[in-house]
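Here are the chains, one letter per residue:
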Amino acid sequence: LGIPHYVVDFRKNFEKKVISDFCEEYTQGRTPNPCIRCNQFIKFDVLMKCLKKFDADYLATGHHARITYDSKRTRYLLRKGRDADKDQSYFLYVLSQEQLSRILMPVGEFTKQEVRRKAKKWGLGVAERAESQEICFIPDNDYVGFLRSRIPGAFQPGPIIGLENRVLGQHKGIACFTIGQRRGMGIAASHPLYVLEILSERNAVVVGTNDQLYKKRLLASRINLISVDRLKVPLAVKAKIRYKHREAKARLIPLGSNQALVEFSIPQRAVTPGQSVVFYERDVVVGGGIIDKALDFP
């Protein structure tokens, strides 16, 4: 293509900031999103710091998202990509105004099929390449095997208990579970049981019915706001509690100390600590944060 090409090695940074955090979160009974950490600490931190080194003005990425400048707010806005099925704005809520001012996301203006057609027209070998759905550092998608090799301490047997604190069975390690999971418990019951909570301090897994998975409120921390500088009063938003989750109407209530309460109009299924909750106004990302816990737990 006639474009200078350089390789930079961020393996140590990735190990420290992404993989180690991924493992640590599982020891705490949480389910992390490593792609968000990668964006925050690798792509848009250590890589972005290379701009000056390579005499570059901008960092261009292939994310399905868009960046615009709002002169009234005097702020850069992060918007959903044009292809709703491929939108990746959820993973980018961690960006700052300084970062947004120096990022280009040209793919966000096109659908995936349009991008493929362009690649084919220009003779690029990746035009028909299959899409990857797995975590990049666990290519076989066996995250339990990966975690077992890294954090064997998170695979100590412990009790599976019901809400009434009665022991129903034994698990083989809290890292085998996430909120909403049904399989892998080995419990004979008259009705399906799902993981409601993981108590790392007790090495216990709490189970209950599907109805008990629905929660109307959650507490989030490490809030980063994009469309506004700060939030002083509650704001009506649509919120996503995981990447493939459908947006739901909610009230975003600031609590101070970089925390917020999210109240949904309709209870949401399997609110999962460690995942990110991202807030939207139409196609604009208001901001997001890390889910600490679901509230209204029976």
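Since this is a predicted model, take the numbers as computed values, not measurements. (Residues numbered from 1 in each chain as written. Predicted model: local features only at pLDDT ≥ 70, side-chain atom pairs only at ≥ 80, totals over all residues. Heavy atoms only, no water.)

Novice: When you look at the packing of helix α1 (residues 11–27) against helix α5 (residues 143–150) in this model, what are you seeing that I'm missing?
Specialist: Packed helices, taken two at a time, are described by their axes: the angle between them and the distance between them. At their nearest, the axes of α1 and α5 sit 10 Å apart, and the two run at 95 degrees to each other. Overall, the two elements α1 and α5 adopt an arrangement that is roughly perpendicular. Residues E15, I19, F22, C23 and Y26 of α1 lie in contact with α5, whose contacting residues are Y143, F146, L147 and R150. Per-class residue counts for the contact of α1 with α5 are seven nonpolar, no polar and two charged. (Axes fitted to C-alpha atoms, helices over the stretch in contact; angles between N-to-C directions. Helix = DSSP H or I, 4+ residues; strand = E, 2+ residues; numbered from the N terminus. Parallel < 35°, antiparallel > 145°, perpendicular 65-115°, else oblique. Contact = heavy atoms within 4.5 Å. Nonpolar A, V, L, I, M, F, W, Y, C, P; charged D, E, K, R; others polar.)

Novice: Looking at this structure, how should I read the nonpolar core?
Specialist: Looking at soluble globular proteins, one finds that nonpolar side chains tend to be buried together. Grouped together as the largest cluster of nonpolar side chains are 34 residues, with contacts concentrated most on F22, F137, F146 and L147. In this structure, F22 is in contact with P32, P34, I135, F137, I138, F146 and L147, ignoring residues within four places of it in sequence. Grouped together as the second largest cluster of nonpolar side chains are 21 residues, M48, A65, Y90 and Y93 included. (Core = buried A, V, L, I, M, F, W, Y, C linked by side-chain atoms within 4.5 Å. Buried < 20%, exposed > 50% of the residue type's maximum accessible area, 1.4 Å probe, protein only.)

Novice: Hey, could you run me through the environment of L163 in this one?
Specialist: Its place among the elements puts L163 in the loop between β5 (158–161) and β6 (167–171). For L163, a relative accessible area of 31% translates into the label partly exposed. Expressed as a C-alpha distance, the spacing of L163 and E197, which sit 34 residues apart in the sequence, is 9.8 Å.

Novice: Explanation requested: the sheet that holds strand β8 (residues 204–208) in the structure shown.
Specialist: Two modes of strand pairing occur in sheets, parallel and antiparallel, and in both the strands are linked by backbone hydrogen bonds. Read from one edge of the open sheet, four strands run β6-β5-β8-β7, paired in mixed fashion. Looking at strand neighbours, the two that pair on one side only are β6 and β7 (194–199), the edges of this open sheet. Between one strand axis and the next, the sheet turns by 30 degrees as a mean value, whatever way the strands run. Across two bridges, β5 lies against β8 in parallel orientation. Across the sheet, residue I160 finds its bridge partner in β8, namely V205. (Pairing = 2+ DSSP bridges.)

Novice: Explain the pairing of β5 here, please?
Specialist: Where β5 and β6 come together, four bridges link them in antiparallel fashion. Each bridged residue has a counterpart across the sheet, and for P159 the counterpart in β6 is Q170. Where β5 hands over to β6, the hairpin turn is made up of five residues, of which N165 adopts a positive phi near 75 degrees.

Novice: Is there a simple way to think about unusual backbone geometry in this case?
Specialist: Peptide bonds are mostly trans, and most non-glycine residues show a negative phi. Within the chain, N165 stands out as a residue other than glycine whose phi angle is a positive 75 degrees. With respect to the helices, strands and loops of the structure, N165 is situated in the loop between β5 and β6. Exposure remark for N165: the relative accessible area of 45% places this residue in the partly exposed category.

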